[in-house]
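One letter stands for each residue in the lines below.
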Amino acid sequence: MPKDDGIGAATVRREDVRFLTGVGQYTDDIKAYGETVAVFARSTVANGVIKSIDTTTAAGMPGVLAIFTGEDFAEVGGNPAGWLINSRDGTPMHEPKRPVLAHGKVRHVGDAYAAVIAETLEQAKNAVEAIEADIEELDAIVNMKDALAGSNYVHDEIGTNQCFDWGWIEDNRDATDAAIKGAHHVTTLELVNNRLVPNAMEPRSSRAEYKAAGDEYVLHTTSQNPHLTRLLISAFVLGIPENKLTVIAPDVGGGFGSKIYHYGEEALVLAAAKKLGRPVTWTADRTEAFLTDAHGRDHVTKIELAMDAEGNFLAFRTETLANVGAYLSNFSTATPTFLHGTLMAGNYTVPNVYVNVKAVFTNTAPVDAYRGAGRPEATYSLERVIDKAAREIGRDPIELRRQNFIKPDQYPFASAAGLEYDSGNYDALMDKMEEVADMAGFAARRKASEAKGLLRGFGVNAYIEACGIAPSNLVGVLGSRVGLYDAATVRVNATGNLSVMVGAHSHGQGHETAFPQVVAEMLGIDASTIDIVHGDTSKIPFGMGTYGSRSLAVCGSAVVRATEKVINKAKKIAAHMLEVSDGDIELKDGQFSVAGTDKSVSFGEVALKAYIPHEFPLEDIEPGLEETAFYDPANFTYPSGAYCCEVELDPETGKVSVERMTAVDDFGNVINPMIVTGQVHGGLGQGIGQALLENTTYDENGQLLSASYMDYTMPRADDLPFYTVDHSQGNPCTHNPLGVKGCGEAGAIGSPPTVVNAVIDAMQSGGKNVTHIDMPVTPHRVWSAMQNA
Amino acid sequence: MYAFDIERPATIGEAVSALTGEAMVLSGGQTLIPTLKSRLADPGKLVSLSGIGEMKGIGLSGRDLQIGGGTVHADVAADGSYKALSELASNIGDPAVRSRGTIGGSIANNDPAACYPAAALASGAIIVTNTREIAADDYFQGMFETALNEGEIVTAVKFPIPDAANYQKFVQPASRFALVGVFVAKYADGVRVAVTGASNEGVHRWTAAEEALTANFSVSALEGLSVSADNLISDLHGSPEYRAHLIKVMTGRAVTAAS
Ligand SMILES: Cc1cc2nc3c(=O)[nH]c(=O)nc-3n(C[C@H](O)[C@H](O)[C@H](O)COP(=O)(O)OP(=O)(O)OC[C@H]3O[C@@H](n4cnc5c(N)ncnc54)[C@H](O)[C@@H]3O)c2cc1C
């Protein structure tokens, strides 16, 4: 070691070969004899009472095999929320039932109220058009403030549109209020964290098969989280025993959070497959994806920052309205609370933090975790208000941040928002950022822009986030209804190659390349002899899914633990073969050797021995070489970073372009720097998309105006600059065996405030006293802001 | 999509006879196919123009450029004899759209945010159909509205090449059609300015700018002018006031680029 495919090697992603040559296997690629197709009838109104649904004509149409309505699922369970939040007064949140198909009422445009199963897609669509649904449209509840004030409810049975009113930390409230009251300077900012549509390249798809012989079901589905999906279907929705239900997430074309959750379509195809005894597949079209995938963000926030006369941060106080949409998606209640409020101390020694979040039901698509999930909202609020404060008190934004940073000798650091940060060095990140971003050259670049009639702005940001989700004991206390460990089985086959079954599904993260690097490093063998198996509940011990940048920190740690067990056992076998005690065996470069001698056996020889246990000490060692480990983290991991960017702004049209973008991140140890860089690039693209382009808009009737790519702007390559990405400043995580922190979301967390801060700086440099602008910073918004300034 | 039959005639005459009942013409399909896929049209029969050789190609005689209605954007982009027009074509959609989409389809569809209508109107082009020739001023009649009769086919568009011209397109960020597009063309007998993307009435001329620029072809000629926001489009991407502002900005930029 170091090997060219071990820890730290920029190995190319082996999975890309099948993706780039078009031989990946996605849910909709899976076909067998007797395939049928499901198509859903979806509400065109945001709020309505289902008076009647007449399926008679539709049922008689060519090719139609079955039709389901909400009635058919009235007796089965609902799709539950995975996290219980208690309100400040101690009462539990409201949890209205989320049925498989809408029953009684439709609650958002796209809410499914019926499904047709037919021989072909066109036949199913024809029949859906022939369903006669009498739905009486009601006034839509769209705006969160109106929803809280009015007496028109998304769910009549709960008599309010407020899901919960959460305070964090309630005991800090008075001290925070007092600190703000007595402060030398208070900066206040009201902002919107815009709703985003996830837009995975592969739309959601689910295919069910029922095998009457064993009363067994197989569900292929676009999931980031197949075990959780199985658990929810078994324990809550359909009651299919877990050992009769296999859930397989094959290749999945991106998720970004939207595929963590269980959706009603999965239950529908399972029920239909059993009824018909034939495979049933549903695949969303792009419009369905826009209307029904769980959306992201959608916060309206007021934040206050209190400072003393020297610019020391005294308190952050936040009031947020968080839109949960029409139904609670599985983690929709955790995202605006524990994934957001706990990060509201940022990178700072601020002593007082208080966060109030009211979650609000509206007649819009459900909102849940989307790349970053809560932490982008926290970072955006903090880093925008700090920037505004710096301007108000005439301080350099970098200096003001540095003054308030937690210092390297303060770890472990108990933040005022309730987390214990294990490691970090925010000044070092800032130093590196100033260096690689060539900040010294900014003045000249601004001049050059001005010579073209353009304004140039510089924006900076520091973030911390919590990944490696999460210690089960801690989240259990906080209301999580699941544990957040992960699991791995390392199976050494007789011929010496390995199958590693991991709980974390890979859908763009490169697990199939990175995880073998870890095992190869530990065993001293070639990574190409190690394959990852993921996404199939019948093959994998268990898994809690891929999200929250947890795969390597949590599942990777389980891989390490299982590999350690394999090594221990292999040493015993080697000791037996070499006729020494196992304490004398050393493993190096794939050879088990007796310390201080030239006697050794290879890893392959040991593997073979394990499966052909002739002359084997069966009284001490079992045959075989396969070990499983479950890993439950001791703490979150805390990636952090310093980001900056430069924008050019055309004052005549309001168009903003990001010209330079620098991301310096502390991800702890890095297993594969190329994959990490790629993850940052993707996150930056999504963050810049949120900052400048992605505009999810419902009109007052609850119609999604941006329901296609004609109106919803996805970032394209030419909207994005070349990035400068650096992860040389890693401070290893202190509590997981790899010292890794997680890199999947950082880019999407760190970039939005960076871009908006730069836009403000550009407008200010043009003599326009604009102090805030909401995302997405469209040309129209910039132009309007500058007109009015 | 709903089921449909398709015919592939080899001549304009055959195409005209095939256009019976609800049948629709299919050219590049870049607008029509998405419409069919969304089940927003149910023509029963499509008559494809893609096999009609006489509708393809670009001919230059003197200062007159004739482009067959079936000519794809990529071919116009590559031609270069009318530079501003080629630049416009090179900036429509993406390579796939430009390789399939046709000028005839664009002119026939008359999307209020499309590019070619601005070029045709600013150039005083002649729209040639299977039955007649129509002046651009008479042809464009509002959003998606044209002078075409039922079953009439745009077989060619004739452009008189101006002395100077330029098209400025400020893109709607999602679709990258024109949020506001302005085509300025300068001829010996005057300047014409056509605006797309902006108005509830579709592509139209900005006559006040034409007069000012005819008198003095420079940005300064526009200084005193302002555009009324009345009847301009209001949507997610811009207010009428913003579009009015952009019309002037884009006109100025087109003049600068053309000068
Ligand atoms: C992703 C994308 C981006 C685009 N961006 C732009 C852009 O930036 N600017 C822009 O201007 N356009 C843009 N377009 C539209 C593109 O230029 C289309 O090709 C064009 O509008 C229609 O031409 P077509 O040949 O594809 O026509 P089709 O889609 O085949 O037909 C369109 C309509 O016109 C009728 N029709 C077609 N040909 C004729 C004819 N010769 N005579 C009579 N009727 C006819 C059809 O019956 C149909 O109703 C874009 C399209 C896409 C898909």
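Note that the structure is predicted; figures quoted are calculated from it, not measured. (Residues numbered from 1 in each chain as written. Chains lettered and ligands numbered in written order. Predicted model: local features only at pLDDT ≥ 70, side-chain atom pairs only at ≥ 80, totals over all residues. Heavy atoms only, no water.)

1. Side note on the overall build of chain A
Okay, so step 1: In terms of regular secondary structure, chain A is built from 19 helices and 28 strands.
Okay, so step 2: Since a compact globule built from 789 residues should have a radius of gyration of about 28 Å, the 27 Å found for chain A is in line with a globular shape.
Okay, so step 3: Over its C-alpha atoms, taken along the principal directions, chain A stretches across nearly 85 × 75 × 55 Å.
Okay, so step 4: Counting the 789 residues in chain A, one finds 62% classified as buried. (Helix = DSSP H or I, 4+ residues; strand = E, 2+ residues; numbered from the N terminus. Rg over C-alpha atoms; globule rule 2.2 N^0.38 Å. Buried < 20%, exposed > 50% of the residue type's maximum accessible area, 1.4 Å probe, protein only.)

2. Some remarks on the pairing of strand β7 (residues 162-168) of chain A
Residues and elements named next belong to chain A.
Okay, so step 1: Taken across its seven residues, β7 has six buried, putting it largely inside the fold.
Okay, so step 2: Bridge count for β7 against strand β15 (residues 352-361) is six bridges, and the pairing is antiparallel. Directly across from Phe 164, in β15, lies its bridge partner Ala 359. (Pairing = 2+ DSSP bridges.)

3. Comments concerning the side chain of Gln690(A)
Okay, so step 1: Take Gln690(A): it is sitting in helix α17 (residues 673-693).
Okay, so step 2: A distance of 2.9 Å separates polar atoms of two side chains, one belonging to Gln690(A) and the other to Asn194(A). (Polar contact = N/O pair within 3.5 Å; in protein donor to acceptor, adjacent residues only side chain to side chain.)

4. Observations concerning the domain arrangement of chain A
Residue and element names in this part refer to chain A.
Okay, so step 1: In terms of domain boundaries, chain A breaks down into domain 1 (18-138 + 201-254 + 259-292), domain 2 (299-469 + 635-788) and domain 3 (485-631).
Okay, so step 2: Computed from C-alpha atoms alone, the centre-to-centre distance between domain 2 and domain 3 is 40 Å.
Okay, so step 3: The interface of domain 2 with domain 3 comprises 19 residues on the first partner and 19 residues on the second.
Okay, so step 4: Summing both partners gives a buried area of about 1400 Å² for domain 2 against domain 3, and 62% of it is carried by carbon and sulfur.
Okay, so step 5: Interface area lost by domain 2 to domain 3 is led by Ile 469, Ile 671 and Pro 737, which between them contribute 36%.
Okay, so step 6: Where domain 2 packs against domain 3, one counts zero salt bridges. (Domains from an automatic or database assignment. Contact = heavy atoms within 4.5 Å. Buried area = accessible area lost by both parts, 1.4 Å probe. Salt bridge = Lys/Arg side-chain N within 4 Å of Asp/Glu carboxyl O.)

5. Structural notes on the site of the ligand
All names here are of chain B.
Okay, so step 1: Taken together, 30 residues are adjacent to the ligand, and Val 25, Gly 28, Gly 29, Leu 32 and Thr 102 come closest.
Okay, so step 2: At a separation of 2.9 Å, an oxygen atom of the ligand approaches a polar backbone atom of Thr 31.
Okay, so step 3: Here the ligand loses 89% of its free accessible area of 960 Å² to cover by the protein chains.
Okay, so step 4: Those elements that provide at least two residues to the shell around the ligand are β2 (24-26) and α6 (103-109).
Okay, so step 5: Split by residue class, the shell around the ligand holds 14 nonpolar, 13 polar and three charged. (Near = heavy atom within 4 Å. Areas by Shrake-Rupley, 256 points an atom, 1.4 Å probe, with all protein chains shown as cover. Nonpolar A, V, L, I, M, F, W, Y, C, P; charged D, E, K, R; others polar.)

6. A word on the domain arrangement of chain B
All names here are of chain B.
Okay, so step 1: Considered domain by domain, chain B is made up of domain 1 (5-48), domain 2 (53-160) and domain 3 (164-258).
Okay, so step 2: Contacts between domain 1 and domain 2 engage eleven residues on the former and 13 residues on the latter.
Okay, so step 3: Taken together, the two surfaces of domain 1 and domain 2 that pack against each other cover about 920 Å², and 63% of this comes from carbon and sulfur.
Okay, so step 4: For the domain 1 face of the interface with domain 2, the top three residues by lost area are Ile 12, Ser 27 and Gln 30, together amounting to 51%.
Okay, so step 5: Run the count over domain 1 and domain 2 and you get two residue pairs in polar contact (both at pLDDT 80 or more).
Okay, so step 6: Looking at the side of domain 1 that touches domain 2 element by element, the count peaks at three residues for helix α1 (residues 12-18).

7. A closer look at the packing of helix α14 (residues 511-523) of chain A against helix α15 (residues 551-578) of chain A
Residue and element names in this part refer to chain A.
Okay, so step 1: The interhelical angle for the contact between α14 and α15, taken along N-to-C directions, is 35°, at an axis separation of 10 Å. Crossing handedness for the pair α14 and α15: right-handed. For the pair α14 and α15, contact is made by His 511, Phe 515, Val 518, Val 519, Met 522 and Leu 523 and by Ser 551, Leu 552, Cys 555, Gly 556, Val 559, Val 560, Thr 563, Glu 564 and Ile 567, respectively.
Okay, so step 2: For the contact of α14 with α15, the residue count by class is ten nonpolar, four polar and one charged. (Axes fitted to C-alpha atoms, helices over the stretch in contact; angles between N-to-C directions. Left-handed = near helix turned anticlockwise from the far one by under 90°.)

8. Brief notes about the confidence of the model for chain B
Okay, so step 1: Scored by pLDDT, chain B has a mean of 97; 100% of the residues are at 70 or more.
Okay, so step 2: Complex prediction metrics read pTM 0.97 and ipTM 0.96. (pLDDT = per-residue confidence, 0-100.)

9. Quick notes on the interface of chain A and chain B
Okay, so step 1: Taken residue by residue, the interface counts 23 residues in chain A and 21 residues in chain B.
Okay, so step 2: When chain A packs against chain B, the two sides together hide about 1900 Å² of surface, and 50% of this comes from carbon and sulfur.
Okay, so step 3: Counting the contacts that link chain A with chain B gives six salt bridges.
Okay, so step 4: A salt bridge links Asp718(A) to Arg176(B), with the nearest nitrogen and oxygen atoms 2.8 Å apart.
Okay, so step 5: On the surface where chain A and chain B come into contact, there are 17 residue pairs in polar contact (both at pLDDT 80 or more).
Okay, so step 6: Put simply, the parts of the chain that give the side of chain A that touches chain B at least two residues each are α3 (121-130) and α19 (779-788) of chain A.
Okay, so step 7: In terms of residue count, α3(A) provides more of the side of chain A that touches chain B than any other element does, four residues in total.
Okay, so step 8: The residue inventory of the side of chain A that touches chain B, partitioned by class, reads six nonpolar, seven polar and ten charged.

10. What about the sheet that holds strand β24 (residues 600-602) of chain A?
Residues and elements named next belong to chain A.
Okay, so step 1: The strand order across the open sheet formed by three strands is β22-β23-β24, and the pairing between neighbours is antiparallel. Strand pairing shows two members of the sheet lacking a second neighbour, β22 (585-588) and β24, which therefore form its edges. When strand polarity is set aside, the average angle formed by the axes of neighbouring strands in this sheet is 20°.
Okay, so step 2: Where strand β23 (residues 591-594) lies against β24, three bridges are found, and the strand directions are antiparallel. Note on β24: the bridge partner recorded for Phe 592 is Val 601.

11. Description of the pattern of salt bridges
Residue and element names in this part refer to chain A.
Okay, so step 1: As enumerated under the stated definition, the model contains 59 salt bridges over all chains in all.
Okay, so step 2: For the salt bridge of Lys 51 with Glu 136, the shortest nitrogen-to-oxygen distance reads 2.9 Å. Of the two residues, Lys 51 is situated in strand β2 (residues 48-54) and Glu 136 in strand β6 (residues 132-137); the sequence distance between them amounts to 85 residues.
Okay, so step 3: Note on Glu 136: relative accessible area 37%, which makes it partly exposed.
Okay, so step 4: Salt bridges sharing partners connect three or more residues here, namely Asp 438, Arg 445, Lys 452, Arg 456, Glu 646, Glu 648 and Arg 660.

12. Side note on the sheet that holds strand β9 (residues 164-171) of chain B
Residue and element names in this part refer to chain B.
Okay, so step 1: Taking strand neighbours across the sheet as the criterion, the four strands line up as β9-β10-β11-β12 in an open arrangement whose pairing is antiparallel. Looking along the sheet, the strands with just one partner apiece sit at the ends: β9 and β12 (204-205).
Okay, so step 2: Note that strand β10 (residues 178-187) and strand β11 (residues 190-196) share seven bridges and pair antiparallel. Within β11, the residue paired with Lys 186 across the bridge is Val 191.
Okay, so step 3: Those strands touched by helix α10 (residues 240-258) are β9, β10 and β11, and its axis lies near 40° from that of β10.

13. Side note on the nonpolar core
Note on soluble globular proteins: their nonpolar side chains tend to be buried together.
Residues and elements named next belong to chain A.
Okay, so step 1: Core analysis: the biggest nonpolar cluster contains 146 residues, and Phe 316, Tyr 421 and Met 763 have the highest contact counts within it.
Okay, so step 2: Broken down by element, the residue count for this core peaks at nine residues, all from helix α18 (residues 746-765).
Okay, so step 3: By size, the runner-up hydrophobic cluster in this structure holds 48 residues, among which are Val 518, Val 560, Ala 575 and Leu 625. (Core = buried A, V, L, I, M, F, W, Y, C linked by side-chain atoms within 4.5 Å.)

14. Notes on the environment of Met201(A)
All names here are of chain A.
Okay, so step 1: In this fold, Met 201 is placed in the loop between β8 (185-193) and β9 (205-211).
Okay, so step 2: When the C-alpha positions of Met 201 and Gly 255 are compared, they lie 8.4 Å apart, and in sequence the two are 54 residues distant.
Okay, so step 3: The contact partners of Met 201, leaving out residues within four places of it in the chain, are Gly 253 and Arg 286.

15. Examining the environment of Ala188(B)
All names here are of chain B.
Okay, so step 1: If you trace the backbone, Ala 188 turns up in the loop between β10 and β11.
Okay, so step 2: Residue classification places Ala 188 among the exposed positions, given a relative accessible area of 82%.
Okay, so step 3: Expressed as a C-alpha distance, the spacing of Ala 188 and Lys 83, which sit 105 residues apart in the sequence, is 18 Å.

16. Structural notes on the packing of aromatic side chains
All names here are of chain A.
Okay, so step 1: Applying the stated criterion across every chain yields a total of 30 aromatic pairs over all chains.
Okay, so step 2: A centroid spacing of 5.0 Å and a plane angle of 50° characterise the contact between Tyr 421 and Tyr 638, whose relative ring orientation is tilted. One end of the pair, Tyr 421, is in strand β17 (residues 420-421); the other, Tyr 638, is in the loop between β25 (626-631) and β26 (640-649), with 217 residues separating them in the sequence.
Okay, so step 3: For Tyr 421, a relative accessible area of 0% translates into the label buried. (Phe/Tyr/Trp six-rings, centres within 6.5 Å; stacked < 30°, edge-to-face > 60°.)

17. Remarks on unusual backbone geometry
Okay, so step 1: A cis amide bond links Tyr411(A) to the next residue, Pro412(A), at an omega of -5°.
Okay, so step 2: Counting through the fold element by element, Pro412(A) comes out in the loop between α10 (397-404) and β16 (413-414).
Okay, so step 3: For the bond from Met775(A) to Pro776(A), the omega torsion is -10°, close enough to zero to count as cis.
Okay, so step 4: With respect to the helices and strands, the residue Pro776(A) is situated in the loop between α18 and α19.
Okay, so step 5: The backbone of Phe144(B) shows a phi angle near 60°, a positive value even though the residue is not glycine.
Okay, so step 6: Here Arg176(B), not a glycine, exhibits a phi torsion of approximately 60°, which is positive.
Okay, so step 7: Positionally, Arg176(B) belongs in the loop between β9 and β10.
Okay, so step 8: Since its relative accessible area comes to 23%, Arg176(B) is described here as partly exposed.

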